[in-house]
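Spelled out from the first residue to the last, the chains are:
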Amino acid sequence: MCGIVGIIGTSPVAGDLVDALKRLEYRGYDSAGIATLHEGKLARRRAKGKLKALETRLNGEPLAGNLGIGHTRWATHGKPTEVNAHPHISDGVSVVHNGIIENFKSLRSDLEKDGFVFETETDTEVIAHLIARELKANKSPQEAVRDSLGSLEGAFALAVIFEGHDDLMIGARRGSPFAIGFGDEDSPGMYIGSDAIALAPFTNKVSYLEDGDWVVLTGQGATIYNEKNEEIERSISTSMAQALVVDKGNHRHFMAKEIHEQPDVISRTLSHYIDLGKECVDFSSLSIDFKTLPRLSIAACGTAYYAGVVGKYLIEQWGGLPVDIDIASEFRYREPLMSEGGAALFISQSGETADSLASLKYCKQQNQKILSIVNVNESSIARESDDVLPTLAGPEIGVASTKAFTCQLTVLAALAIHIGRQRGVIDEAKESELVRSLVEVPRLISEVLAYEEEIDRISHSLSQARDVLYLGRGMSFPIAMEGALKLKEISYIHAEAYAAGELKHGPIALIDENMPVIVVAPEDRLFDKTISNMQEVAARGGQIIFISDATRESAGCDLAHHIVIPKCHEFVTALITAIPVQLLAYYTAVHMGTDVDQPRNLAKSVTVE
Ligand code: M6R
């Protein structure tokens, strides 16, 4: 989703703005632009498409100026054209914005009545005109922004610069993340960005605006105000983003690198929650008492939702706690009935997903204890939670989530053990057995990764398909859903997942000899049931790709391909079967030549509804 950056420096900032935007590319975007101030005058360059197009533009028409703002736009209102690209300008006011101004239509007609002429179809342009109108009423830039913010409804992180003010930038946050970076002798100046990763080359001293805050920046520092316009201090922390390597290493894509990182990041996550010596889990930092908890509600989006579905199976079966699981965008509007004294768990890689955050706020109002599993510790979801369970996946840059997903599964599995122990559902011996099965996971995943070339070959046939069906039962059902989502996202092939038992209730009508059917079937207690459904597919000519630790013979029918996974404890099968579905999607997309890391229309961090 859109990314914003801003720099008040001591030398020309255009190049640094583009570099900062490059670090936000992973969020997904379809146009980009920057505006700078030089000797009091505003100038901007914008381009449709990737940042390369903007760089080409800047090479031909460079921008001077030691102060500037930049933006990567993920289109919401209006097509991804150069005209709609940010920054937007009105009478010497230039704005970049991440989020959605929900009341932009009424604001727009009001501004048009006052003679403001709109150039774009965007919601953002109203912000520039609103501020310009306040300036015309002889207000200072600070007063103009402060008073305009009061008219805006919706979610935003925005930055504004003003013609004639070479040492002033104003930012504001409501809903969307906003980081402030404090420069030092090496990189003098002040910085703003959608996250600390964007600011990492310049500074690791970072402060985050809270919801409703706005900030006045000069080259010397930042003055922050809260939503009541009272001056307020926000703590400055040392961001780890500089230490985090954000490159592809020897891999062709971030997604490939992130798939291969899984044994390491799962080990790292495990060591955070497991005492290896004692073979037990350690959740001593949690304030939630699961012993008396009536139920747990989980809400999340996309891949994180599928992790939640696996979590439900794990926590109900091994933790003995009833779990509700919802897609966050549904949860937030269906006004769910919450149990008194209950708890809600939110799973999110970014920790910024708008629907998950809104669901969290609903649960807070319902007096639920809030728990979250996030990959970004400074994120909004983390900061709103009573207890945070970090995934230690490191930055995930590929839009298609891979290592964050398996780290979420890892935390959920360890949590299920903790809950089971607190509720007396499992004893010490069972805890040791389950912990040992988790500790095996990184090695088992490495074994699956060794099949990569084989999966690459199999993917050639998938890349010819128009539609693909995924089947699974039990914990393999959410893995089938995750596999279908991965394939759709990066190869643009239509894919659907069904619980294998649902097949005969409709989807079996789709099966013919052109339909690849990926069956996720570890040899667990549901294996025979899944095999029966697979035979129904085979009888109708479906092209079966069998992902299983069972032998080819045990399938009892013709298989187009067999992807062998290692034998493992049933507690951890979801962690192992997740890998081949990731690799199948990855190689299919590679064969199709799509933009694997930044697939069309998608954003990494979905900060709008
Ligand atoms: O940051 P989050 O985990 O909250 O994001 C949720 C989804 O937007 C995300 O998982 C999305 O579905 C991914 N692109 C899946 O690969």
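Residues numbered from 1 in each chain as written. Predicted model: local features only at pLDDT ≥ 70, side-chain atom pairs only at ≥ 80, totals over all residues. Heavy atoms only, no water.

## What to know about the domain arrangement of the chain
- Domains assigned within the chain are domain 1 (3–243), domain 2 (246–439) and domain 3 (453–609).
- The distance between the C-alpha centroids of domain 1 and domain 3 comes to 43 Å.
- On the side of domain 3, ten residues touch domain 1, which itself brings 14 residues to the contact.
- Here domain 1 packs against domain 3, burying approximately 920 Å² in sum over the two surfaces, 52% of which is carbon and sulfur.
- Considering only the side of domain 1, the residues that lose the most area to domain 3 are Y26, R27 and W74, jointly responsible for 47% of the buried surface there.
- Summed over the shared surface of domain 1 and domain 3, the result is one salt bridge.
- Here domain 1 is connected to domain 3 by three residue pairs in polar contact (both at pLDDT 80 or more).
- Residue classes in the side of domain 1 that touches domain 3 are distributed as five nonpolar, five polar and four charged. (Domains from an automatic or database assignment. Contact = heavy atoms within 4.5 Å. Buried area = accessible area lost by both parts, 1.4 Å probe. Salt bridge = Lys/Arg side-chain N within 4 Å of Asp/Glu carboxyl O. Polar contact = N/O pair within 3.5 Å; in protein donor to acceptor, adjacent residues only side chain to side chain. Nonpolar A, V, L, I, M, F, W, Y, C, P; charged D, E, K, R; others polar.)

## A look at empty space enclosed by the protein
- One pass over the full model with this rule turns up three cavities of 30 Å³ or more.
- The computed volume of the largest cavity comes to approximately 60 Å³.
- Along the walls of the largest cavity sit C2, R73, W74, T76, H77, H86, H97, G99, T122, D123 and T124, which together make up its complete lining.
- By residue class, the composition of the lining of the largest cavity is two nonpolar, seven polar and two charged. (1 Å grid on protein atoms, 1.4 Å probe; cavity = no way out; pocket = protein on both sides within 12 Å on 5 of 7 lines; lining within 4 Å. Points joined across faces, edges and corners; volume = space filled by probe spheres on them.)

## Let's talk about the site of the ligand
- Taken together, 15 residues surround the ligand, and among them S348, Q349, S350, T353 and E489 come closest.
- Between the ligand and S348 there is a distance of 2.6 Å, counted from an oxygen atom to a side-chain nitrogen or oxygen.
- Between the ligand and Q349 there is a distance of 2.6 Å, counted from an oxygen atom to a backbone nitrogen or oxygen.
- In the complex, the protein chains occlude 91% of the 410 Å² of accessible area that the ligand would expose alone.
- Because more than half of its atoms lie within 2 Å of the grid, the ligand is assigned to the second largest pocket. (Near = heavy atom within 4 Å. Areas by Shrake-Rupley, 256 points an atom, 1.4 Å probe, with all protein chains shown as cover. Sits in = over half its atoms within 2 Å of the grid points.)

## Things to note about the pairing of strand 19 (residues 323–327)
- As paired strands, strand 18 (residues 296–300) and strand 19 are joined by five bridges and run parallel to one another. Residue pairing for strand 19: L296 is matched across the bridge by V323.
- Handedness of the crossover is the feature at issue here: the chain leaves strand 18, passes through helix 9 (residues 302–319), returns alongside strand 19, and the resulting connection is right-handed. (Pairing = 2+ DSSP bridges. Helix = DSSP H or I, 4+ residues; strand = E, 2+ residues; numbered from the N terminus. Right-handed = clockwise from strand over helix to strand, strands pointing away.)

## Points about the environment of K430
- Its place among the elements puts K430 in helix 14 (residues 428–439).
- A relative accessible area of 27% places K430 in the partly exposed class.
- A C-alpha to C-alpha distance of 38 Å links K430 and H505, two positions 75 residues apart in sequence. (Buried < 20%, exposed > 50% of the residue type's maximum accessible area, 1.4 Å probe, protein only.)

## Focus: unusual backbone geometry
- Of note, the amide linkage connecting H86 to P87 takes the cis form, showing an omega dihedral of -5°.
- Turning to its location among the elements, P87 is positioned in the loop between strand 4 (67–73) and strand 5 (88–90).
- Here the phi dihedral of N138 falls at roughly 65°; this positive angle occurs in a residue that is not glycine.
- Positive phi values are uncommon outside glycine, yet E279 reaches one of about 50°.
- Of the residues examined, E279 reaches a relative accessible area of 25% and is grouped as partly exposed.

## Topic: the packing of aromatic side chains
- Inspection of every chain in the model, using the stated rule, returns eight aromatic pairs.
- Both rings, one in W318 and one in F571, keep their centres 5.3 Å apart while their planes meet at 80°; by these two values the pair is edge-to-face. Residue W318 is located in helix 9, and its partner F571 is located in the loop between strand 27 (561–564) and helix 20 (573–592); the two are separated by 253 residues in the primary sequence. Each member of the pair, W318 together with F571, is buried. (Phe/Tyr/Trp six-rings, centres within 6.5 Å; stacked < 30°, edge-to-face > 60°.)

## Examining the packing of helix 8 (residues 262–273) against helix 13 (residues 403–422)
- Running from N to C, helix 8 and helix 13 cross one another at 30°; their axes reach a closest spacing of 9 Å. One finds that helix 8 runs roughly parallel with respect to helix 13. Judged by the twist between their axes, the crossing of helix 8 over helix 13 is right-handed. The residues of helix 13 that touch helix 8, namely those facing Q262, V265, I266, T269, L270 and Y273, are K403, T406, C407, T410, V411 and A414.
- A breakdown of the residues in the contact of helix 8 with helix 13 according to their chemical character gives seven nonpolar, four polar and one charged. (Axes fitted to C-alpha atoms, helices over the stretch in contact; angles between N-to-C directions. Parallel < 35°, antiparallel > 145°, perpendicular 65-115°, else oblique. Left-handed = near helix turned anticlockwise from the far one by under 90°.)

## Quick word on the side chain of T122
- Here T122 shows up in the loop between helix 3 (104–113) and helix 4 (125–136).
- A polar atom in the side chain of T122 sits 3.5 Å from the side chain of H88.
- Within the local environment of T122, its side chain forms a polar contact with the backbone nitrogen of E125, the two atoms lying 3.2 Å apart.
- For T122, the residues in contact, after removing those within four places along its chain, are R73, H77, N84, H88, F104 and R108.

## Some words on helix 4
- If you check helix 4, its first and last C-alpha atoms are 17 Å apart, about what twelve residues at 1.5 Å a residue would give, namely 16 Å.
- Where helix 4 is buried, its residues contact strand 5, strand 6 (93–101), helix 3, helix 5 (141–149) and strand 7 (154–162).
- The first or second residue beyond helix 4 is N138, which carries a positive phi of 65°. (Expected span 1.5 Å × (residues − 1).)

## Some remarks on the pattern of salt bridges
- This structure, assessed with the given rule, holds 38 salt bridges.
- One salt bridge in this structure joins K22 and E55, with 2.8 Å as the shortest N-O distance. Of this pair, K22 sits in helix 1 (residues 14–22) while E55 sits in helix 2 (residues 51–60), placing them 33 residues apart in sequence.
- Using a relative accessible area of 34% as the deciding quantity, one classes K22 as partly exposed.
- Salt-bridge contacts for K136 lead to D91; the nearest nitrogen and oxygen are separated by 2.8 Å. In this pair, K136 is assigned in helix 4 and D91 in the loop between strand 5 and strand 6, connecting sequence segments 45 residues apart.

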